[in-house]
Amino acid sequence: MMNDDGDKDSSGKGTDPSVEEEDLPDGHYRLRLYVAGQSPKSLAAIANLNRLCAVHLPGCHSIEVVDLVKNPELAAADQVLAVPTLVRRLPPPIKRIIGTLADVDKVLVGLELRRDDQ
Amino acid sequence: MTSAKSGDGAPHLPKAPTGISGLDAITYGGLPAGRPTLIAGPAGAGKSLFGLTFLVNGANLYGEPGVLISFEEQARDIAANSASLGYDLPGLIDSDKLVIDYVRVERSEIEESGEYDLEGLFVRLGFAIDKVGAKRIVLDTLEALFSGLGDGPILRAELRRLFEWLKERDVTAVITAEKGDDDRLTRHGIEEYISDCVISLDNRVEDQITTRRLRVLKYRGSAHGTNEYPFLIDEGGISVLPITSAGLQHSISNVVVPSGIKGIDAMLGVGGYYCGSSVLVSGTSGTGKTIFAASFVDAACKRGERVIFFSFEESKEQIIRNTRSVGIDLEAHVDAGLLCIEAARPSLFGLEMHLTLMNRTIERMNPSVVVIDPISALRGPVTEVHAMLLRMVDLLKVKSITALFTNLTGLAASDATDHGLSSLMDTWIGLHHLEANGERNNVLYVLKARGMSHSNQIREYQITNSGVDLIEAYVGPAGVLTGTARQAQEAIERDEALQLRQDADRRRREFTAKQAMIERQILEMRAALSEDQLELERINEQIEGRERRIEADRLAMATRRGAAE
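An account of the accompanying structure is given in this report. (Residues numbered from 1 in each chain as written. Chains lettered and ligands numbered in written order. Predicted model: local features only at pLDDT ≥ 70, side-chain atom pairs only at ≥ 80, totals over all residues.)

**Side note on the overall build of chain A**
Moving on, step 1. Assigned secondary structure in chain A consists of 3 helices and 4 strands.
Moving on, step 2. Taken from N to C terminus, the helices and strands of chain A fall in the order β-α-β-α-β-β-α.
Moving on, step 3. Burial statistics for chain A: of 118 residues in total, 40% are counted as buried. (Helix = DSSP H or I, 4+ residues; strand = E, 2+ residues; numbered from the N terminus. Buried ≥ 20, exposed ≤ 12 C-beta atoms within 10 Å, placed from the backbone.)

Have a look at this one:
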């Protein structure tokens, strides 16, 4: 189920946001998921995000997972309070979705993949 | 971290001093160390400044680095706003004594989907605390989380966990919270999670005058002052006035300080006021209350003592000019740094604020004499004025400062304010105008003087260009005579005295003349007597001569007869 773009970063290594500014096609979704360690909520969020992207954003997304236990200094930059937090860094504007991402409809609304009234 | 004495003598609770002297006095040493304290109050009450002061003093005075988690203001705004208070936040940050983390919680940017926790916040706090080894942390205003994340069971559970976590980290935390409606302490009831220490700030407007007040609602494991204490925010930061920490435990003194007016010293049995006592000079308008006060000030400054003159009616320059006209040079004392004249309109602040301001000036200057001129200018309900003055008197007595209060009274001899004040004062001098014979004359008398005998006389006084002069009293058949009546009476007395003196002189002259005459007579009589004696001796000699001649004749006749026979 895992998307090629997303599974390799769960260790939190190489997550400096400024590094990967390669050319991305329009409509590409750059997502960053902040988690804290290997807690059930973290694991659930990672699984839910991968599943959701495979269905709704096939081939046009990248996922970066940041473990705040290992990189606490990154929490402030994205104004992370709650864990897990999913941040949509592209396309603008920045969007935040907190929670395990269990409610797919709300995630889709949050990522503006679906309008509220649909 | 200093552990201060707790009032009940129980095991000492470690405390983190705030560096706000009044607050540390009320709480017997500061906030509970290693535990969270809630500071609640309405907008603009000074909550954030309290938190910031706690951190800055911790870093500067007590060697405890701190963390400020701000939910409302950016770090650069906080630094800019507090620069006017003399807080160098960038400097503290650079020297690793302070971390400011701005936490932005914007409802519109956050979508919720599924379960979450606030581990992100914990991570940020932990990171900031570890960065400087913080012992103090301020969360300002934590309740912003409620607007950002919604008031749900997750947030409440996480807050509970947060306070436990802060205790485990052994940081002294200050959490600010907005006052709720309907007399609720905080809008979202977070006081239920913080039970160690709760401080409420208030900012009330009464009669268009704002007064900030502080109250320690709760302090688990420690005694604390329970009243509402006024506090002040200005360029000197926060000042809290712990009023009732004064009380009646002050030590007393037998040292006497002269009143600056010779006549009054003479009326008071010990020759002046007791050091550390409270003196009230009350009188109708124009009786020279301020000049009496200035005389006292002048005398104290000439002894080299420091004095603060609080004026509520006249400006500093006005006082200096007006007292110079009676021969008192206050300006010289001001220049010498002995005298501080603080002039403020009473309506500028509330009573509490005046008290707090005066307290701060007194603490800074440490004077031995304080004058408040006049207390009648302080407006407000009688009970509040009375309470404020009581605190003022207590505060001055604790510091052994001799205080002189002036009070403007109505034309009636004494009014309600006077009665209320009387019990506070140790010495009370009343000044009055007496109207008689088409003139007004000034008289004074000592109503009370605790701990000393004092004159019961009503004395007339005059304000001359060399100060206040008391004039010897004349008590006539119809009472005290003053002014021209006294002068007339004195003139009569002077005439009588002159007459008597002239009589005496005449009699003395007559006596001298008589004495001389008699002595002359004695001399004449002596002369006559001695002539009589001479005559007598001459007669005696004649008699003796005759007898010798008769004897000689008889002898010659006998010789002649013998030859014939």
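Read on, since the account is not over.
**Section: the sheet that holds strand β4 (residues 95-98) of chain A**
Moving on, step 1. Strand order in the open sheet formed by 5 strands is β2(A)-β1(A)-β3(A)-β4(A)-β7(B), and the pairing between neighbours is mixed. The open sheet is flanked by β2 (61-67) of chain A together with β7 (110-112) of chain B, the only strands paired with a single partner. Here the average twist between neighbouring strands, direction ignored, is 25 degrees.
Moving on, step 2. Bridging between strand β3 (residues 85-90) of chain A and β4 of chain A involves 4 bridges; their strand directions are antiparallel. Each residue of the ladder has a partner; that of Thr85 of chain A, found in β4 of chain A, is Ile98 of chain A.
Moving on, step 3. This element, helix α1 (residues 40-56) of chain A, spans β1 (29-35), β2 and β3 of chain A of the sheet and lies at about 165 degrees to β1 of chain A. (Pairing = 2+ DSSP bridges. Axes fitted to C-alpha atoms, helices over the stretch in contact; angles between N-to-C directions. Contact = placed C-beta atoms within 7 Å.)

**Thoughts on the environment of Pro367 of chain B**
All names here are of chain B.
Moving on, step 1. Looking at the element boundaries, Pro367 is found in the loop between α12 (351-365) and β19 (369-373).
Moving on, step 2. When the C-alpha atoms of Pro367 and Ile308 are compared, they prove to be 6.5 Å apart, with 59 residues separating the residues in sequence.
Moving on, step 3. When near neighbours in sequence (up to four residues on either side) are disregarded, Pro367 contacts Arg306, Val307, Ile308, Ile362 and Ile401.

**Notes on the packing of α12 of chain B against helix α13 (residues 382-398) of chain B**
Residues and elements named next belong to chain B.
Moving on, step 1. Between α12 and α13, whose axes approach to 10 Å, the crossing angle comes to 10 degrees. With respect to α13, the element α12 is oriented roughly parallel. Judged by the sense of rotation from one axis to the other, the crossing of α12 with α13 is right-handed. Of α13, the residues touching α12 (which contributes Leu351, Leu355, Met358 and Asn359) are Glu384, Val385, Met388, Arg391, Met392 and Leu395.
Moving on, step 2. Its residues placed into classes, the contact of α12 with α13 shows 7 nonpolar, 1 polar and 2 charged. (Parallel < 35°, antiparallel > 145°, perpendicular 65-115°, else oblique. Left-handed = near helix turned anticlockwise from the far one by under 90°. Nonpolar A, V, L, I, M, F, W, Y, C, P; charged D, E, K, R; others polar.)

**A closer look at the pairing of strand β9 (residues 172-178) of chain B**
Residues and elements named next belong to chain B.
Moving on, step 1. The buried fraction of β9 amounts to 6 of the 7 residues, a majority that puts the element mostly inside the structure.
Moving on, step 2. Of the pairings in the sheet, the one linking strand β4 (residues 36-41) to β9 comprises 6 bridges and is parallel in character. Residue Gly41 lies in a different strand from β9, and its bridge partner there is Glu178.
Moving on, step 3. Bridge count between strand β8 (residues 136-140) and β9: 4 bridges; the pairing is parallel.

**Things to note about the pairing of strand β22 (residues 439-449) of chain B**
The side chains of a regular strand alternate, first on one face of the sheet and then on the other.
Residue and element names in this part refer to chain B.
Moving on, step 1. One ladder, built from 10 bridges, connects strand β21 (residues 427-436) with β22; its direction is antiparallel. Opposite Thr427, over in β22, you have Ala449 as the bridge partner.
Moving on, step 2. Hairpin connection between β21 and β22: a loop of 2 residues separates the two successive antiparallel strands, and Asn437 in this loop has a positive phi of roughly 55 degrees.

**Focus on α1 of chain A**
Residues and elements named next belong to chain A.
Moving on, step 1. Between its terminal C-alpha atoms α1 stretches 24 Å, which fits the 24 Å expected from 17 residues at 1.5 Å a residue.
Moving on, step 2. Where α1 is concerned, the buried positions are Lys41, Ser42, Ala45, Ile46, Asn48, Leu49, Asn50, Leu52 and Cys53.
Moving on, step 3. Buried residues along α1 sit against β1, β2, β3 and α3 (104-110). (Expected span 1.5 Å × (residues − 1).)

**A look at the interface of chain B and chain A**
Size of an interface, as often reported, equals the accessible area lost when the parts are brought together.
Moving on, step 1. Counting from both sides, the interface comprises 22 residues of chain B and, opposite them, 28 residues of chain A.
Moving on, step 2. Counting only elements with at least two residues in the side of chain B that touches chain A, the list comes to β7 and α5 (119-132) of chain B.
Moving on, step 3. The dominant element in the side of chain B that touches chain A, judged by the number of residues it contributes, is α5 of chain B, at 7 residues.
Moving on, step 4. In terms of residue class, the side of chain B that touches chain A is built from 9 nonpolar, 4 polar and 9 charged.

**Some remarks on the nonpolar core**
Soluble, globular proteins show a tendency: their nonpolar side chains are buried together.
Moving on, step 1. Of all hydrophobic cores here, the largest spans 160 residues; its most connected members are Leu33 of chain A together with Ile137, Val297 and Val371 of chain B.
Moving on, step 2. With 9 residues, helix α9 (residues 289-302) of chain B is the single largest residue contributor to this core.
Moving on, step 3. When residues of this core are assigned to domains, at least three map to each of domain 1 (2-245) and domain 2 (256-477) of chain B.
Moving on, step 4. Not counting residues up to four positions away in its chain, the partners in contact with Val371 of chain B are Ala293, Phe296, Val297, Phe309, Phe310 and Leu404 of chain B. (Core = buried A, V, L, I, M, F, W, Y, C linked by C-beta atoms within 7 Å. Domains from an automatic or database assignment.)

**A closer look at the environment of Thr18 of chain B**
Residue and element names in this part refer to chain B.
Moving on, step 1. For Thr18, the location among the structural elements is in the loop between β2 (14-16) and α1 (21-26).
Moving on, step 2. Taking the C-beta count within 10 Å as the criterion, Thr18 has 29 such neighbours and is therefore assigned buried.
Moving on, step 3. In this structure the C-alpha to C-alpha distance between Thr18 and Gly58, which are 40 residues apart in sequence, comes to 7.0 Å.
Moving on, step 4. In this view, Thr18 contacts Leu23, Asp24, Gly30, Leu31, Thr53, Phe54 and Asn57; residues no more than four positions away in its chain are not counted.

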